[in-house]
Protein chains: 2
Amino acid sequence: MQNLKISAAFSIRRLPSYLHIIRNLRREGEKYILGAAIARELHLESIQVRKDLGITGIKGKPGKGYPAEVLVDAIEGFLGWNIPRDAIIAGVGNLGSALIGYEEFQLNGLNIVAGFDIDPEKIGAAIHGVPVLNTTTIAINVPLLHVKIAILTVPDIYAQDVSDTLVDAGINAIWNFTNTQLRVPSHVVVQNEDFSLGYDMLCIKMRSKRSLMVY
Amino acid sequence: MQNLKISAAFSIRRLPSYLHIIRNLRREGEKYILGAAIARELHLESIQVRKDLGITGIKGKPGKGYPAEVLVDAIEGFLGWNIPRDAIIAGVGNLGSALIGYEEFQLNGLNIVAGFDIDPEKIGAAIHGVPVLNTTTIAINVPLLHVKIAILTVPDIYAQDVSDTLVDAGINAIWNFTNTQLRVPSHVVVQNEDFSLGYDMLCIKMRSKRSLMVY
């Protein structure tokens with residue numbers, strides 16, 4: 001039973017990557033997705049992919065694959081991503097502004113309801129329709145907005161302080177775009193974003209293209 | 001032999017994730033890294049991690065782990081990331097500006113030498129010391145700069161056009177931050193960046209925290 005639980009948890013962990021690939025293929029016009037195509041992209045065994053996707057309850061047709069639309073809905077439903085969630089964004093600099101304007105988030109049910117910044121020129125303004133509030137009002141406004149998710153895009157040196165303030169205000173999930181390793185209480189989850197990883201992957205692809213290695 | 005090649009290629013593919021974790025642990029003050037710690041983070045078997053790290057030639061000490069500093073250098077060296085590489089950035093909006101100012105890139109040897117934009121207010125200016133040139137001069141300036149890597153941060157509707165221009169100008173690696181699936185010749189590598197994936201991972205962590213599942 002313990003093993004079954006762990007195995008299911010691993011499957012869940014892989015589903016976002018599957019969803020990412022399936023969405024891309026669907027965007028390219030594919031109506032059916034072969035488990036083998038996902039497996040190839042992620043360098044997994046096909047049987048692993050079929051097993052993982054099995055937890056959504058959707059079955060593929062032999063030789064044809066999984067119906068893309070249905071599979072996306074099933075994965076999103078299974079993971080609860082069709083539930084809209086509100087978030088605030090702390091730090092409305094270039095990156096914060098770019099994320100506020102990132103339209104894909106709406107597709108994923110992520111709804112940014114307010115930004116916080118210390119710049120007097122930004123406070124009171126709206127970016128892509130999202131109001132910018134004073135960082136000093138986090139303690140008051142976050143509970144008022146009933147928001148539990150924060151996107152952290154402040155300069156590194158402020159990251160821990162702002163994180164502490166957010167957690168005190170009721171935030172329990174932080175998407176951390178800073179390079180600071182945040183210290184948070186155990187009930188808070190942190191997802192660290194690191195752009196370097198994407199560059200690393202680009203280098204790997206360049207390297208493999210040059211050496212014609214079999215990927 | 002073929003199998004050996006494929007297996008080594010898989011190992012290489014996992015190294016950026018290892019590097020990411022090792023760097024984070026080192027930033028937290030760890031001098032030695034246990035293979036098991038990496039394995040736990042990525043939900044891999046410890047033996048897989050040891051095997052993958054084996055290709056760098058660095059050996060861990062039983063019970064103590066791998067020397068962090070040496071391991072980072074070895075992985076970077078193995079993958080060629082200690083080689084500085086120049087890149088240009090096409091689209092100097094909020095995201096483009098944020099990436100130009102992202103200091104971690106320098107650590108990875110990524111050096112952004114110019115930005116390109118169509119906004120007359122930006123052309124001729126410098127952002128974090130990086131000059132912004134007119135997008136219409138890509139065909140002339142990219143070959144002059146001897147740059148092979150482009151970061152694409154233009155609005156989605158311009159993505160394919162600008163990508164074509166970049167490839168014609170000699171770019172053979174595109175780090176794509178747009179939501180457009182680029183069509184490129186076979187000699188060009190593309191790394192798609194999708195912020196949604198980070199949000200997906202955050203949701204998974206929130207879900208697992210709530211249900212107290214064993215990860």
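Residues numbered from 1 in each chain as written. Chains lettered and ligands numbered in written order. Predicted model: local features only at pLDDT ≥ 70, side-chain atom pairs only at ≥ 80, totals over all residues. Heavy atoms only, no water.

## A closer look at the overall build of chain A
Basically, it comes down to this: Helix and strand definitions follow DSSP, with helices as H or I runs of at least four residues and strands as E runs of at least two, each counted in order from the N terminus. Buried means the residue's accessible area, taken with a 1.4 Å probe over protein chains only, is under 20% of the maximum for its type, while exposed means over 50%, and partly exposed covers the values in between. Contact between two residues is taken to exist if any of their heavy atoms lie within 4.5 Å; hydrogens are not considered.
Looking only at helices and strands, chain A features nine helices and nine strands. C-alpha atoms of chain A, sized along the principal axes, occupy 60 × 45 × 35 Å. Looking at the 215 residues of chain A, the share that counts as buried comes to 50%. Counting contacts in chain A only where the partners sit at least 6 residues apart, residues at least 24 apart contribute 54% of the total.

## A word on the relation of the copies chain B and chain A
Note the following rule: Copies are brought into register by a least-squares superposition over C-alpha atoms of residues with pLDDT of at least 70 in both.
Least-squares fitting of chain B to chain A yields an RMSD of 0.1 Å, with the transformation described by 0.0 Å of translation along the axis and a rotation of 180°. In symmetry terms, the pair is related by a two-fold rotation axis. The position closest to the rotation axis in chain B is occupied by the C-alpha of Asn94(B), lying 2.3 Å away.

## Considering the interface of chain B and chain A
As a reminder, the rule being used: For any pair of parts, buried area is found by adding up, for both, the accessible area (1.4 Å probe) each one loses once the two are put together. Whenever a carboxyl oxygen of Asp or Glu lies within 4 Å of a side-chain nitrogen of Lys or Arg, that contact is scored as a salt bridge.
The interface of chain B with chain A comprises 65 residues on the first partner and 65 residues on the second. With both sides pooled, the region where chain B packs onto chain A buries about 6,900 Å², and carbon together with sulfur makes up 62% of that total. A per-residue breakdown of the area chain B buries against chain A is headed by Arg13(B), Phe195(B) and Tyr199(B), which together make up 12% of the total. Counting the contacts that link chain B with chain A gives zero salt bridges.

## What to know about the domain arrangement of chain A
Heads up, the condition is: In this document the domain limits rely on a domain assignment from an automatic tool or a database.
Here the domain parsing of chain A yields domain 1 (2-79) and domain 2 (85-195). Summarising the inter-unit geometry, the C-alpha centres of domain 1 of chain A and domain 2 of chain A are found 31 Å apart.

## Things to note about the sheet that holds strand β5 (residues 126-127) of chain A
All names here are of chain A. Note the threshold: Strands pair, by our definition, only if DSSP identifies at least two bridges between them. As a rule, the C-alpha atoms of each element are fitted with a line to give its axis, helices using only the stretch in contact, and angles between N-to-C directions run from 0 to 180 degrees.
Taking strand neighbours across the sheet as the criterion, the seven strands line up as β5-β6-β4-β3-β7-β8-β9 in an open arrangement whose pairing is mixed. Strand pairing shows two members of the sheet lacking a second neighbour, β5 and β9 (189-192), which therefore form its edges. On the sheet, helix α7 (residues 138-145) packs against β3 (85-90), β4 (110-117) and β6 (130-134) and is oriented at approximately 165° with respect to β4. Contacts from helix α8 (residues 156-168) reach β3, β7 (149-152) and β8 (173-176), with the element oriented near 170° to β7.

## Re the sheet that holds strand β4 (residues 110-117) of chain B
Residues and elements named next belong to chain B. One open sheet holds the seven strands; their spatial order is β5-β6-β4-β3-β7-β8-β9, and the pairing between them is mixed. One side of each edge strand has no neighbouring strand; the edge strands of this open sheet are β5 (126-127) and β9 (189-192). One ladder, built from four bridges, connects strand β8 (residues 173-176) with β9; its direction is parallel. Of the residues in β9, the one forming a bridge with Trp 175 is Gln 191. Sheet strands touched by helix α7 (residues 138-145): β3 (85-90), β4 and β6 (130-134). Its angle to β4, the strand with the most contacts, is close to 165°.

## Section: the packing of aromatic side chains
Within a pair of aromatic rings, the relevant descriptors are the distance that separates the centres and the angle that separates the planes. The condition is simple: Centre distance within 6.5 Å is the pairing criterion for rings of Phe, Tyr and Trp, where only the six-membered ring of Trp is used; planes under 30 degrees apart are then read as stacked, over 60 as edge-to-face, and the remainder as tilted.
All told, the structure shown has 15 aromatic pairs over all chains when counted by the stated rule. Aromatic side chains Phe195(A) and Phe177(B) sit 6.1 Å apart centroid to centroid with 65° between the ring planes, which places their arrangement in the edge-to-face category. Taken together, the residues Phe195(A) in helix α9 (residues 195-211) and Phe177(B) in the loop between β8 and β9 connect one chain to another. Residue Phe195(A) shares its accessibility class with Phe177(B), and that shared class is buried. Among the aromatic side chains, those forming a connected cluster through ring pairs are Tyr102(A), Phe105(A), Trp175(A), Phe177(A), Phe195(A), Tyr199(A), Tyr102(B), Phe105(B), Trp175(B), Phe177(B), Phe195(B) and Tyr199(B).

## Describing the layout of surface pockets
The cut-off we apply is this: Grid points spaced at 1 Å and placed over the protein atoms alone form the basis of the search, with a cavity being a set where a 1.4 Å probe fits but cannot get out and a pocket an open set showing protein on both sides within 12 Å along at least five of seven lines. Lining residues have an atom within 4 Å of a point. Grid points are joined across faces, edges and corners, and a volume is the space filled by probe spheres set on the points. The classification used treats Ala, Val, Leu, Ile, Met, Phe, Trp, Tyr, Cys and Pro as nonpolar, Asp, Glu, Lys and Arg as charged, and all other residues, Gly among them, as polar.
In this structure, the second largest pocket spans a volume of roughly 820 Å³. The wall of the second largest pocket is formed by 31 residues, among which Thr153(B), Val154(B), Pro155(B), Asp156(B) and Thr178(B) lie closest to the centre. Residue assignment for the lining of the second largest pocket shows that the elements contributing at least two residues are α5 (94-100) of chain A together with α5 (94-100), β4 and α8 (156-168) of chain B. A per-element tally of the lining of the second largest pocket places α8(B) first, with five residues. Among the residues making up the lining of the second largest pocket, the classes are represented as 13 nonpolar, 12 polar and six charged.

## Here's the deal with the packing of helix α2 (residues 35-42) of chain B against helix α3 (residues 46-54) of chain B
Residue and element names in this part refer to chain B. Convention followed: Each helix crossing is assigned a hand: it is left-handed if the near helix lies turned anticlockwise from the far helix by less than a right angle, otherwise right-handed if that turn is clockwise.
Relative orientation of the contacting elements α2 and α3 amounts to 115°, with a least axis distance of 8 Å. Remark: the crossing between α2 and α3 carries right-handed chirality. Seen from α2, the contacting residues are Gly 35, Ala 36, Ile 38 and Ala 39; seen from α3, they are Ser 46, Val 49 and Leu 53. Looking at the contact of α2 with α3 residue by residue, the classes come out as five nonpolar, two polar and no charged.

## Focus: unusual backbone geometry
All names here are of chain A. Positive phi is not limited to glycine here, since His 128 has a value of about 50°. A residue is classified by how much of its surface remains accessible, and His 128, at 59% relative accessible area, is exposed. One non-glycine residue, His 146, lies in the positive phi region at around 55°. With respect to the secondary-structure elements, His 146 resides in the loop between α7 and β7.

## Some words on a nonpolar patch on the surface
In plain terms, the rule: In this analysis, a patch consists of residues with relative accessible area above 30% that form no salt bridge, clustered at 9 Å for like charges and at 5 Å for the nonpolar side chains Val, Leu, Ile, Met, Phe, Trp and Tyr. Only the protein chains shown count as covering a residue, and every accessible area follows the Shrake-Rupley method with a 1.4 Å probe.
Taken together, the side chains of Ile118(A), Ile157(A) and Tyr158(A) make up a nonpolar region of the molecular surface, amounting to roughly 350 Å² of accessible area. Turning to its location among the elements, Tyr158(A) is positioned in helix α8.

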